[in-house]
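Observations on the model geometry
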Amino acid sequence: MAQRAVVPFLVLLSMMFIVLGKADVLLFDRLRVVIADAAAPLLEALAQPVATMASGVRHVEGVFDLYRENERLREENARLLQWQDVARRLETENAGLRDLTKFVPEGAPRFISAQIIADSGGAFARSVLVSAGGREGVTRGQAAVTGEGLVGRVAEVGGRAARILLLTDLNSHIPVMLDSSRERAVMAGDNSDQPRLLYLPINVTAKPGERIVTDGSGGIFPPGVPVGVVASVDSGIIRVEPYADLSRMEYVRIVDFGLGGVLPQNAMPLPRAARGARVVVPDPVR
Amino acid sequence: MRMALFQREAGGFPNKLVPSLTTLLFVLLSVVPLHIPGFAVVTPAFALMAVFHWTIYRPDLLPPIAVFVAGLLLDLLNGTPYVGTSALSLLLTRTVLMGQRRFFINRLFPVLWAGFLGAMAAVVIFEWALVSLLHGAVLGVRPFVFEAALTVASFPAGSYLLARAQRAFLMRV
(Lines give C-alpha, C1' and ligand atoms only; values in the text may rest on other atoms or scores of the structure.)
Protein backbone atom coordinates (compact mmCIF):
# COMPACT_ATOMS: atom_id res chain seq x y z
CA MET A 1 0.00 0.00 0.00
CA ALA A 2 1.21 3.49 -0.79
CA GLN A 3 0.47 4.64 2.78
CA ARG A 4 2.97 2.19 4.21
CA ALA A 5 5.74 3.45 1.99
CA VAL A 6 5.40 7.06 3.10
CA VAL A 7 7.52 6.84 6.25
CA PRO A 8 10.41 4.90 4.70
CA PHE A 9 10.35 7.30 1.77
CA LEU A 10 10.51 10.36 4.02
CA VAL A 11 13.24 8.79 6.15
CA LEU A 12 15.23 8.15 3.01
CA LEU A 13 14.58 11.71 1.84
CA SER A 14 15.89 13.09 5.15
CA MET A 15 19.02 11.00 4.82
CA MET A 16 19.47 12.22 1.28
CA PHE A 17 19.15 15.81 2.47
CA ILE A 18 21.79 15.21 5.11
CA VAL A 19 24.21 13.79 2.58
CA LEU A 20 23.34 16.48 0.05
CA GLY A 21 23.78 19.20 2.64
CA LYS A 22 27.21 17.85 3.43
CA ALA A 23 28.21 17.85 -0.24
CA ASP A 24 26.54 20.98 -1.56
CA VAL A 25 26.18 23.70 1.00
CA LEU A 26 24.95 26.28 -1.44
CA LEU A 27 21.58 24.72 -2.17
CA PHE A 28 20.53 24.74 1.45
CA ASP A 29 22.05 28.15 1.98
CA ARG A 30 19.59 29.50 -0.54
CA LEU A 31 16.71 27.58 0.97
CA ARG A 32 17.60 28.79 4.45
CA VAL A 33 17.62 32.38 3.28
CA VAL A 34 14.19 32.00 1.70
CA ILE A 35 12.75 30.36 4.81
CA ALA A 36 14.34 32.92 7.11
CA ASP A 37 12.98 35.77 5.03
CA ALA A 38 9.51 34.29 5.04
CA ALA A 39 9.51 33.54 8.75
CA ALA A 40 11.09 36.84 9.80
CA PRO A 41 7.86 38.83 10.37
CA LEU A 42 6.35 35.96 12.34
CA LEU A 43 9.47 35.45 14.42
CA GLU A 44 9.72 39.18 15.05
CA ALA A 45 6.17 39.16 16.37
CA LEU A 46 6.94 36.16 18.61
CA ALA A 47 10.26 37.55 19.83
CA GLN A 48 8.82 40.90 20.90
CA PRO A 49 6.70 39.80 23.89
CA VAL A 50 9.43 37.43 25.08
CA ALA A 51 11.99 40.22 24.97
CA THR A 52 9.64 42.56 26.81
CA MET A 53 9.03 39.97 29.49
CA ALA A 54 12.75 39.32 29.87
CA SER A 55 13.53 43.00 30.23
CA GLY A 56 10.75 43.24 32.82
CA VAL A 57 12.33 40.44 34.82
CA ARG A 58 15.69 42.12 34.59
CA HIS A 59 14.15 45.39 35.70
CA VAL A 60 12.78 43.81 38.85
CA GLU A 61 16.11 42.12 39.47
CA GLY A 62 17.81 45.47 39.03
CA VAL A 63 15.66 47.14 41.67
CA PHE A 64 16.72 44.57 44.23
CA ASP A 65 20.42 45.11 44.01
CA LEU A 66 20.41 48.79 43.25
CA TYR A 67 22.61 49.57 46.22
CA ARG A 68 25.30 47.04 45.39
CA GLU A 69 25.21 47.98 41.74
CA ASN A 70 25.67 51.62 42.69
CA GLU A 71 28.72 50.81 44.79
CA ARG A 72 30.20 48.77 41.99
CA LEU A 73 29.59 51.48 39.41
CA ARG A 74 31.13 54.14 41.63
CA GLU A 75 34.27 52.06 41.93
CA GLU A 76 34.31 51.33 38.26
CA ASN A 77 33.80 54.98 37.45
CA ALA A 78 36.82 55.98 39.51
CA ARG A 79 38.89 53.41 37.67
CA LEU A 80 37.59 54.43 34.28
CA LEU A 81 38.36 58.08 34.95
CA GLN A 82 41.99 57.09 35.36
CA TRP A 83 41.81 55.17 32.13
CA GLN A 84 40.22 58.11 30.40
CA ASP A 85 43.16 60.20 31.42
CA VAL A 86 45.56 57.62 30.04
CA ALA A 87 43.55 57.30 26.84
CA ARG A 88 43.52 61.06 26.28
CA ARG A 89 47.26 61.23 26.66
CA LEU A 90 47.79 58.29 24.32
CA GLU A 91 45.40 59.77 21.80
CA THR A 92 47.41 62.95 21.60
CA GLU A 93 50.63 61.02 21.42
CA ASN A 94 49.18 58.72 18.78
CA ALA A 95 47.99 61.63 16.68
CA GLY A 96 51.43 63.17 16.87
CA LEU A 97 53.14 59.94 15.84
CA ARG A 98 50.69 59.36 13.01
CA ASP A 99 51.46 62.82 11.78
CA LEU A 100 55.12 61.97 11.77
CA THR A 101 54.70 58.73 9.82
CA LYS A 102 52.04 60.03 7.41
CA PHE A 103 49.72 57.20 8.52
CA VAL A 104 46.51 56.97 6.53
CA PRO A 105 43.63 56.27 8.94
CA GLU A 106 40.94 53.74 8.08
CA GLY A 107 37.55 55.02 7.10
CA ALA A 108 34.93 55.29 9.80
CA PRO A 109 32.78 52.16 10.01
CA ARG A 110 29.04 52.20 9.50
CA PHE A 111 26.83 50.37 11.97
CA ILE A 112 23.59 48.59 11.28
CA SER A 113 21.61 47.77 14.42
CA ALA A 114 19.50 44.65 14.32
CA GLN A 115 17.23 42.83 16.70
CA ILE A 116 17.77 39.12 17.25
CA ILE A 117 14.59 37.38 16.21
CA ALA A 118 15.64 33.75 16.44
CA ASP A 119 18.50 31.77 17.86
CA SER A 120 19.33 28.28 16.84
CA GLY A 121 18.43 26.87 20.22
CA GLY A 122 19.49 23.40 19.17
CA ALA A 123 22.39 21.58 20.71
CA PHE A 124 24.55 21.49 17.61
CA ALA A 125 24.31 24.88 15.96
CA ARG A 126 25.22 28.30 17.20
CA SER A 127 23.76 31.03 15.09
CA VAL A 128 21.17 33.77 15.35
CA LEU A 129 18.74 35.32 12.92
CA VAL A 130 18.55 39.12 12.97
CA SER A 131 15.93 41.48 11.65
CA ALA A 132 18.13 43.26 9.14
CA GLY A 133 19.08 42.06 5.71
CA GLY A 134 20.02 43.17 2.25
CA ARG A 135 17.54 46.03 2.44
CA GLU A 136 19.50 47.58 5.28
CA GLY A 137 22.83 47.03 3.58
CA VAL A 138 23.93 43.86 5.32
CA THR A 139 26.25 41.72 3.24
CA ARG A 140 27.99 38.43 3.80
CA GLY A 141 31.16 38.45 5.80
CA GLN A 142 30.44 41.55 7.86
CA ALA A 143 31.30 41.40 11.52
CA ALA A 144 28.61 41.44 14.19
CA VAL A 145 29.46 43.03 17.52
CA THR A 146 27.87 44.05 20.77
CA GLY A 147 29.20 46.72 23.09
CA GLU A 148 31.47 44.12 24.65
CA GLY A 149 33.06 42.64 21.59
CA LEU A 150 32.82 40.43 18.55
CA VAL A 151 29.82 38.11 18.30
CA GLY A 152 30.30 36.46 14.94
CA ARG A 153 29.96 37.15 11.28
CA VAL A 154 27.17 37.37 8.78
CA ALA A 155 26.83 34.02 7.05
CA GLU A 156 23.65 34.38 5.01
CA VAL A 157 21.69 37.38 3.88
CA GLY A 158 18.09 37.60 2.82
CA GLY A 159 15.97 40.63 2.08
CA ARG A 160 14.81 41.34 5.61
CA ALA A 161 16.77 38.88 7.71
CA ALA A 162 20.34 37.71 8.02
CA ARG A 163 21.98 34.83 9.81
CA ILE A 164 24.96 35.43 12.03
CA LEU A 165 27.27 32.53 12.66
CA LEU A 166 28.37 32.88 16.27
CA LEU A 167 31.97 32.52 17.42
CA THR A 168 31.07 29.30 19.19
CA ASP A 169 29.61 27.46 16.18
CA LEU A 170 31.36 24.35 14.91
CA ASN A 171 32.02 26.00 11.59
CA SER A 172 33.27 29.31 12.84
CA HIS A 173 36.95 30.02 12.17
CA ILE A 174 38.11 33.54 12.84
CA PRO A 175 41.60 34.95 12.36
CA VAL A 176 42.67 36.52 15.64
CA MET A 177 45.82 37.63 17.39
CA LEU A 178 47.13 37.93 20.89
CA ASP A 179 46.89 41.58 21.73
CA SER A 180 50.20 41.78 23.61
CA SER A 181 52.50 39.77 21.34
CA ARG A 182 50.62 40.30 18.04
CA GLU A 183 51.00 36.57 17.37
CA ARG A 184 48.39 35.26 14.96
CA ALA A 185 46.08 32.32 15.43
CA VAL A 186 42.70 31.01 14.35
CA MET A 187 39.85 30.90 16.82
CA ALA A 188 37.65 27.92 16.09
CA GLY A 189 34.28 27.25 17.67
CA ASP A 190 33.50 23.76 18.88
CA ASN A 191 29.95 24.10 20.15
CA SER A 192 31.08 24.83 23.70
CA ASP A 193 30.89 28.25 25.31
CA GLN A 194 34.61 28.79 24.91
CA PRO A 195 36.13 28.52 21.42
CA ARG A 196 39.62 27.11 20.94
CA LEU A 197 42.71 28.87 19.71
CA LEU A 198 44.40 26.96 16.89
CA TYR A 199 47.57 27.29 14.88
CA LEU A 200 49.40 29.45 17.37
CA PRO A 201 53.15 29.25 16.67
CA ILE A 202 54.76 26.57 18.84
CA ASN A 203 57.20 28.86 20.58
CA VAL A 204 54.44 31.22 21.65
CA THR A 205 52.75 30.66 24.96
CA ALA A 206 49.37 32.12 25.74
CA LYS A 207 48.62 32.97 29.33
CA PRO A 208 45.16 33.01 30.88
CA GLY A 209 43.82 36.55 30.96
CA GLU A 210 45.53 37.58 27.74
CA ARG A 211 43.39 39.71 25.43
CA ILE A 212 42.41 38.39 22.01
CA VAL A 213 41.52 40.74 19.18
CA THR A 214 40.68 40.15 15.52
CA ASP A 215 43.45 40.00 13.00
CA GLY A 216 42.94 41.99 9.85
CA SER A 217 45.33 40.00 7.73
CA GLY A 218 42.70 37.63 6.38
CA GLY A 219 40.83 40.58 5.00
CA ILE A 220 37.72 39.28 6.68
CA PHE A 221 37.63 41.40 9.79
CA PRO A 222 39.04 44.78 10.48
CA PRO A 223 41.97 44.42 12.87
CA GLY A 224 41.67 45.11 16.56
CA VAL A 225 38.05 44.28 17.33
CA PRO A 226 38.01 42.90 20.87
CA VAL A 227 37.11 39.20 20.92
CA GLY A 228 37.78 37.81 24.39
CA VAL A 229 40.40 36.70 26.87
CA VAL A 230 42.33 33.45 27.17
CA ALA A 231 40.36 31.50 29.74
CA SER A 232 42.46 28.39 30.16
CA VAL A 233 45.53 26.67 28.78
CA ASP A 234 45.23 22.98 29.38
CA SER A 235 47.75 20.58 27.85
CA GLY A 236 48.06 22.59 24.69
CA ILE A 237 44.37 23.37 24.36
CA ILE A 238 43.82 27.07 24.62
CA ARG A 239 40.28 28.25 25.26
CA VAL A 240 38.96 31.76 24.84
CA GLU A 241 36.17 33.33 26.85
CA PRO A 242 34.35 35.75 24.53
CA TYR A 243 33.71 39.26 25.87
CA ALA A 244 30.20 39.24 24.47
CA ASP A 245 27.62 37.25 26.40
CA LEU A 246 26.27 35.24 23.51
CA SER A 247 23.35 33.81 25.46
CA ARG A 248 21.79 37.09 26.46
CA MET A 249 22.00 39.28 23.41
CA GLU A 250 18.93 41.14 22.24
CA TYR A 251 20.50 43.43 19.70
CA VAL A 252 23.68 43.29 17.71
CA ARG A 253 25.45 45.83 15.59
CA ILE A 254 26.57 44.71 12.19
CA VAL A 255 29.65 46.60 11.24
CA ASP A 256 30.30 47.68 7.71
CA PHE A 257 34.00 48.45 7.66
CA GLY A 258 33.98 49.03 3.96
CA LEU A 259 35.93 45.87 3.24
CA GLY A 260 33.36 45.06 0.58
CA GLY A 261 34.13 42.39 -1.94
CA VAL A 262 36.16 40.35 0.47
CA LEU A 263 33.73 37.47 0.36
CA PRO A 264 32.12 37.13 -3.02
CA GLN A 265 28.38 36.57 -2.53
CA ASN A 266 27.71 32.89 -3.09
CA ALA A 267 31.09 32.13 -4.53
CA MET A 268 32.08 29.84 -1.73
CA PRO A 269 30.71 28.39 1.45
CA LEU A 270 31.59 30.70 4.28
CA PRO A 271 33.00 28.26 6.80
CA ARG A 272 35.98 27.76 4.57
CA ALA A 273 36.41 31.40 3.78
CA ALA A 274 38.10 32.19 7.04
CA ARG A 275 40.99 29.88 6.35
CA GLY A 276 42.65 31.60 3.48
CA ALA A 277 43.46 35.19 2.76
CA ARG A 278 41.55 35.80 -0.44
CA VAL A 279 42.08 39.49 -0.75
CA VAL A 280 45.09 41.32 0.50
CA VAL A 281 44.06 44.48 2.22
CA PRO A 282 46.58 47.13 1.32
CA ASP A 283 48.62 47.98 4.33
CA PRO A 284 48.90 51.74 4.39
CA VAL A 285 51.99 51.84 6.59
CA ARG A 286 54.20 50.06 4.15
CA MET B 1 -15.28 33.55 19.70
CA ARG B 2 -12.81 31.88 17.44
CA MET B 3 -13.11 28.65 19.28
CA ALA B 4 -16.88 28.62 18.99
CA LEU B 5 -16.61 29.24 15.31
CA PHE B 6 -14.27 26.32 14.92
CA GLN B 7 -16.33 23.98 17.02
CA ARG B 8 -19.52 24.59 15.14
CA GLU B 9 -18.13 22.73 12.21
CA ALA B 10 -17.01 19.84 14.35
CA GLY B 11 -15.34 17.18 12.31
CA GLY B 12 -14.60 19.88 9.82
CA PHE B 13 -11.50 20.73 7.97
CA PRO B 14 -9.81 23.43 10.09
CA ASN B 15 -9.96 21.49 13.34
CA LYS B 16 -8.15 18.58 11.80
CA LEU B 17 -5.21 20.84 11.07
CA VAL B 18 -4.70 21.72 14.72
CA PRO B 19 -2.09 19.00 15.39
CA SER B 20 -0.02 19.97 12.36
CA LEU B 21 -0.36 23.69 13.04
CA THR B 22 0.56 23.41 16.71
CA THR B 23 3.57 21.32 15.73
CA LEU B 24 4.70 24.05 13.35
CA LEU B 25 4.05 26.68 16.01
CA PHE B 26 6.18 24.70 18.46
CA VAL B 27 8.95 24.61 15.85
CA LEU B 28 8.88 28.40 15.68
CA LEU B 29 8.73 28.60 19.46
CA SER B 30 11.89 26.56 19.77
CA VAL B 31 13.92 29.15 17.88
CA VAL B 32 12.53 32.24 19.59
CA PRO B 33 15.28 33.65 21.77
CA LEU B 34 14.39 33.43 25.46
CA HIS B 35 16.42 36.16 27.10
CA ILE B 36 16.12 34.69 30.55
CA PRO B 37 19.14 35.60 32.63
CA GLY B 38 21.36 32.62 33.23
CA PHE B 39 19.70 30.72 30.43
CA ALA B 40 22.11 29.23 27.95
CA VAL B 41 21.91 29.41 24.19
CA VAL B 42 20.08 26.12 24.17
CA THR B 43 16.29 26.20 24.24
CA PRO B 44 13.86 23.34 24.84
CA ALA B 45 13.08 21.08 21.88
CA PHE B 46 9.40 22.03 21.69
CA ALA B 47 8.93 20.32 18.33
CA LEU B 48 9.62 16.93 19.89
CA MET B 49 6.95 17.57 22.52
CA ALA B 50 4.36 18.24 19.86
CA VAL B 51 5.31 15.17 17.84
CA PHE B 52 5.29 13.07 21.02
CA HIS B 53 1.89 14.32 22.14
CA TRP B 54 0.07 14.02 18.84
CA THR B 55 1.61 10.67 17.95
CA ILE B 56 0.22 9.23 21.15
CA TYR B 57 -3.21 10.85 21.11
CA ARG B 58 -4.06 11.65 17.49
CA PRO B 59 -1.57 10.00 15.12
CA ASP B 60 -4.26 10.07 12.43
CA LEU B 61 -4.13 13.86 12.43
CA LEU B 62 -0.36 14.24 12.38
CA PRO B 63 0.73 12.48 9.21
CA PRO B 64 4.39 11.62 8.59
CA ILE B 65 4.63 14.36 5.99
CA ALA B 66 3.72 16.98 8.62
CA VAL B 67 6.42 15.59 10.92
CA PHE B 68 8.89 15.70 8.06
CA VAL B 69 8.03 19.29 7.13
CA ALA B 70 8.25 20.38 10.76
CA GLY B 71 11.69 18.77 11.12
CA LEU B 72 12.92 20.31 7.91
CA LEU B 73 11.66 23.74 8.91
CA LEU B 74 13.41 23.37 12.25
CA ASP B 75 16.68 22.48 10.55
CA LEU B 76 16.44 25.38 8.15
CA LEU B 77 15.58 27.88 10.90
CA ASN B 78 18.29 26.46 13.11
CA GLY B 79 20.89 27.29 10.54
CA THR B 80 22.57 23.95 11.00
CA PRO B 81 24.61 22.76 8.04
CA TYR B 82 23.15 19.31 8.60
CA VAL B 83 19.70 19.85 7.12
CA GLY B 84 17.55 16.78 7.60
CA THR B 85 18.88 15.79 11.01
CA SER B 86 15.82 16.91 12.94
CA ALA B 87 13.48 15.66 10.22
CA LEU B 88 15.06 12.24 10.51
CA SER B 89 15.02 12.12 14.30
CA LEU B 90 11.40 13.30 14.51
CA LEU B 91 10.31 10.76 11.91
CA LEU B 92 12.07 7.97 13.75
CA THR B 93 10.51 9.12 17.02
CA ARG B 94 7.09 8.94 15.43
CA THR B 95 7.74 5.51 13.96
CA VAL B 96 8.99 4.00 17.21
CA LEU B 97 6.24 5.65 19.23
CA MET B 98 3.50 4.37 16.95
CA GLY B 99 4.19 0.88 18.27
CA GLN B 100 4.13 2.00 21.90
CA ARG B 101 1.31 4.52 21.92
CA ARG B 102 -1.35 2.17 23.33
CA PHE B 103 0.75 1.85 26.45
CA PHE B 104 0.61 5.59 27.12
CA ILE B 105 -3.06 6.25 26.49
CA ASN B 106 -5.09 6.79 29.67
CA ARG B 107 -2.05 6.59 31.87
CA LEU B 108 -1.18 9.07 34.61
CA PHE B 109 0.90 12.05 33.63
CA PRO B 110 4.12 10.82 35.32
CA VAL B 111 4.07 7.76 33.07
CA LEU B 112 3.76 10.01 30.04
CA TRP B 113 6.54 12.21 31.36
CA ALA B 114 8.81 9.21 31.88
CA GLY B 115 8.04 8.10 28.35
CA PHE B 116 9.02 11.51 27.07
CA LEU B 117 12.25 11.35 29.04
CA GLY B 118 13.05 8.10 27.23
CA ALA B 119 12.20 9.56 23.84
CA MET B 120 14.25 12.67 24.49
CA ALA B 121 17.25 10.63 25.63
CA ALA B 122 17.09 8.49 22.50
CA VAL B 123 16.78 11.52 20.23
CA VAL B 124 19.64 13.35 21.88
CA ILE B 125 21.97 10.35 21.69
CA PHE B 126 20.99 9.82 18.07
CA GLU B 127 21.56 13.45 17.12
CA TRP B 128 24.82 13.66 18.99
CA ALA B 129 26.15 10.56 17.24
CA LEU B 130 24.91 11.69 13.83
CA VAL B 131 26.28 15.22 14.02
CA SER B 132 29.58 13.95 15.43
CA LEU B 133 29.82 11.58 12.50
CA LEU B 134 28.96 14.28 9.97
CA HIS B 135 31.30 16.78 11.53
CA GLY B 136 34.10 14.25 11.68
CA ALA B 137 34.89 14.90 15.34
CA VAL B 138 33.36 13.90 18.63
CA LEU B 139 31.27 16.78 19.89
CA GLY B 140 31.08 17.86 23.50
CA VAL B 141 28.10 16.24 25.18
CA ARG B 142 27.29 19.10 27.52
CA PRO B 143 24.98 21.14 25.27
CA PHE B 144 23.11 17.96 24.35
CA VAL B 145 22.61 16.90 27.95
CA PHE B 146 21.56 20.43 28.80
CA GLU B 147 19.04 20.57 25.99
CA ALA B 148 17.57 17.24 27.04
CA ALA B 149 17.26 18.27 30.67
CA LEU B 150 15.68 21.57 29.74
CA THR B 151 13.20 19.95 27.39
CA VAL B 152 12.16 17.27 29.86
CA ALA B 153 11.76 19.94 32.55
CA SER B 154 9.49 22.05 30.36
CA PHE B 155 7.47 19.09 29.08
CA PRO B 156 4.58 19.59 31.55
CA ALA B 157 4.00 23.13 30.26
CA GLY B 158 4.11 22.06 26.61
CA SER B 159 1.99 19.02 27.26
CA TYR B 160 -0.61 21.13 29.08
CA LEU B 161 -0.90 23.55 26.17
CA LEU B 162 -1.25 20.73 23.66
CA ALA B 163 -3.86 18.97 25.77
CA ARG B 164 -5.81 22.23 26.00
CA ALA B 165 -5.67 22.60 22.24
CA GLN B 166 -6.81 19.02 21.85
CA ARG B 167 -9.76 19.51 24.20
CA ALA B 168 -10.75 22.78 22.57
CA PHE B 169 -10.61 21.72 18.97
CA LEU B 170 -10.62 17.95 18.69
CA MET B 171 -13.26 16.71 21.12
CA ARG B 172 -15.64 15.69 18.38
CA VAL B 173 -13.23 15.29 15.51
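Residues numbered from 1 in each chain as written. Chains lettered and ligands numbered in written order. Predicted model: local features only at pLDDT ≥ 70, side-chain atom pairs only at ≥ 80, totals over all residues. Heavy atoms only, no water.

1. A closer look at the overall build of chain B
The test is simple: Only runs of H or I of at least four residues qualify as helices and only runs of E of at least two qualify as strands under DSSP, and these elements are numbered from the N terminus. Per-residue accessibility, obtained with a 1.4 Å probe over protein chains only, is compared with the maximum for each type, and a residue is labelled buried under 20%, exposed over 50%, and partly exposed between these values. Residue contacts are counted whenever heavy atoms from the two residues lie within 4.5 Å of one another. Only the protein chains shown count as covering a residue, and every accessible area follows the Shrake-Rupley method with a 1.4 Å probe.
The secondary structure content of chain B amounts to eight helices and zero strands. Seen in sequence order, chain B has helices and strands lined up from the N terminus as α-α-α-α-α-α-α-α. Burial statistics for chain B: of 173 residues in total, 55% are counted as buried. Considering only intrachain contacts with a sequence separation of at least 6, the fraction spanning at least 24 residues in chain B is 75%. Accessible surface computed for chain B: about 7700 Å², of which carbon and sulfur atoms make up 72%.

2. Thoughts on the interface of chain B and chain A
In many analyses, interface size is given as the accessible surface area lost on bringing the parts together. This is how the line gets drawn: Buried surface area refers to the total accessible area, computed with a probe of radius 1.4 Å, that the two partners give up upon joining, counted for both partners together. In the sections that follow, a salt bridge refers to a side-chain nitrogen of Lys or Arg positioned within 4 Å of a carboxyl oxygen of Asp or Glu. Identification of polar contacts relies on pairs of N or O atoms within 3.5 Å, with a donor-acceptor requirement for protein atoms, meaning one able to donate a hydrogen and the other able to accept it, and with residues adjacent in sequence counted only if both atoms are side-chain atoms.
Opposite the 44 residues of chain B that make contact, chain A presents 45 residues. Both sides together, the interface formed by chain B and chain A hides about 4200 Å², and carbon and sulfur atoms give 71% of it. Taken together, the connections running from chain B to chain A amount to zero salt bridges. Viewed at the interface, chain A and chain B are joined by seven residue pairs in polar contact (both at pLDDT 80 or more). Among the secondary structure elements, those contributing two or more residues to the side of chain B that touches chain A are helix H5 (64-78), helix H6 (85-104), helix H7 (109-135) and helix H8 (142-170) of chain B.

3. Here's the deal with the packing of aromatic side chains
Aromatic ring pairs: the centre-centre distance and the angle between the two ring planes describe each pair. Residue and element names in this part refer to chain B. Going by this rule: Side-chain rings of Phe, Tyr and Trp (the six-membered ring for Trp) are treated as a pair once their centres are within 6.5 Å; stacked means planes under 30 degrees apart, edge-to-face means over 60, and tilted covers the remaining angles. Each ring is checked for a lysine NZ or an arginine CZ that lies within 6 Å of its centre and within 35 degrees of its normal; such an atom marks a charge sitting over the ring.
Going through the model one piece at a time under the given rule, you end up with 10 aromatic pairs over all chains. An aromatic cluster is present here, built from Phe 52, Phe 103, Phe 104, Phe 109, Trp 113, Phe 116 and Phe 155 joined pairwise through their rings. Above the plane of the ring of Phe 103 lies Arg 107, whose end atom (NZ or CZ) is 4.3 Å from the centre.

4. Let's talk about the sheet that holds strand E4 (residues 150-157) of chain A
The line we're drawing: In this scheme, strands are said to pair when DSSP sees at least two bridges between them. Note on definitions: angles span 0 to 180 degrees between N-to-C directions of axes, and those axes are lines fitted to C-alpha atoms, for helices only across the stretch in contact.
Taken in spatial order, the six strands line up as E1-E2-E5-E4-E3-E12 (chain A) and close into a barrel, and their pairing is antiparallel. Averaged over all neighbouring strand pairs, the angle between strand axes comes to 45 degrees, with direction disregarded.

5. Here we look at the confidence of the model for chain B
All names here are of chain B. Under the convention used in this document: Scored from 0 to 100, pLDDT records how confident the predictor is in each individual residue.
Summary statistics for chain B give a mean pLDDT of 86 and a share of 89% for residues scoring 70 or more. The least confident element of chain B is helix H1 (residues 2-8), whose mean pLDDT is 49; the most confident is helix H4 (residues 46-57), at 94. Between residues 1-6, whose pLDDT stays under 50, and residues either more than four places distant or in other chains, the model counts five contacts.

6. A look at the environment of Gly 137 of chain A
Residue and element names in this part refer to chain A. Of note, Gly 137 is situated in the loop between strand E2 (127-130) and strand E3 (143-145). A residue is classified by how much of its surface remains accessible, and Gly 137, at 26% relative accessible area, is partly exposed. Taking the C-alpha atoms as reference points, Gly 137 and Phe 111, 26 residues apart in sequence, are found 9.9 Å from one another.

7. A short note on the packing of H4 of chain B against H7 of chain B
Packed helix pairs are specified by the crossing angle of their axes together with the interaxial distance, meaning the distance between the axes. All names here are of chain B. The criterion, for reference: Orientation categories follow fixed angle ranges, with anything under 35 degrees roughly parallel, anything over 145 roughly antiparallel, 65 to 115 roughly perpendicular, and all other angles oblique. Here a crossing is taken to be left-handed if its near helix is turned anticlockwise relative to the far helix by less than a right angle, and right-handed if that turn runs clockwise. Residues are grouped as follows: Ala, Val, Leu, Ile, Met, Phe, Trp, Tyr, Cys and Pro are nonpolar; Asp, Glu, Lys and Arg are charged; every other residue, Gly included, is polar.
Closest axis-to-axis distance for the H4/H7 pair is 11 Å, and the angle between their directions is 125 degrees. Of the possible angle classes, the one that applies to H4 and H7 is oblique. Classified by chirality, the crossing of H7 by H4 is right-handed. Residue-level contacts link Leu 48, Met 49, Phe 52, Ile 56 and Tyr 57 of H4 to Leu 112, Gly 115, Phe 116, Ala 119, Met 120 and Val 123 of H7. The class makeup of the residues in the contact of H4 with H7 is 10 nonpolar, one polar and no charged.

8. Some thoughts on the sheet that holds strand E6 (residues 173-178) of chain A
Strand pairing in a sheet takes place through backbone hydrogen bonds and is either antiparallel or parallel in direction. Residues and elements named next belong to chain A. The six strands are arranged E6-E7-E8-E11-E10-E9 in a closed barrel whose pairing can be described as antiparallel. Taking the axes of each pair of neighbouring strands and ignoring which way they run, one obtains an average angle of 45 degrees across the sheet. Pairing of strand E9 (residues 211-214) with strand E10 (residues 226-234), which is carried by three bridges, proceeds in the antiparallel orientation. Directly across from Ile 212, in E10, lies its bridge partner Gly 228.

9. Describing the packing of H4 of chain B against H6 of chain B
All names here are of chain B. Where H4 meets H6, the axes come as close as 8 Å, and the angle between the chain directions of the two elements is 40 degrees. Relative to H6, the element H4 is oriented oblique. For the element pair H4 and H6, the recorded crossing hand is right-handed. Across the interface between the two elements, Ala 47, Leu 48, Val 51, Phe 52, Thr 55, Ile 56 and Tyr 57 from H4 touch Leu 90, Thr 93, Arg 94, Leu 97, Met 98, Arg 101 and Phe 104 from H6. Here the contact of H4 with H6 is built from residues that sort into 10 nonpolar, two polar and two charged.

10. Digging into the environment of Ala 87 of chain B
Take Ala 87 of chain B: it is sitting in helix H6. Taking the C-alpha atoms as reference points, Ala 87 of chain B and Leu 73 of chain B, separated by 14 residues in sequence, lie 8.4 Å from one another. In contact with Ala 87 of chain B, not counting residues within four places along its chain, are Ser 14 of chain A together with Phe 68, Gly 71, Leu 72 and Asp 75 of chain B.

11. Quick notes on the pairing of strand E1 (residues 110-119) of chain A
Residues and elements named next belong to chain A. Of all 10 residues that make up E1, seven are buried, and the element is covered over most of its length. The pairing of E1 with strand E12 (residues 251-256) spans six bridges and is antiparallel. Each residue of the ladder has a partner; that of Phe 111, found in E12, is Val 255. Of the strand pairs in this sheet, E1 and E2 are connected by three bridges, and their pairing is antiparallel. Following the sheet pairing, Ile 116 is matched in E2 by Val 130.

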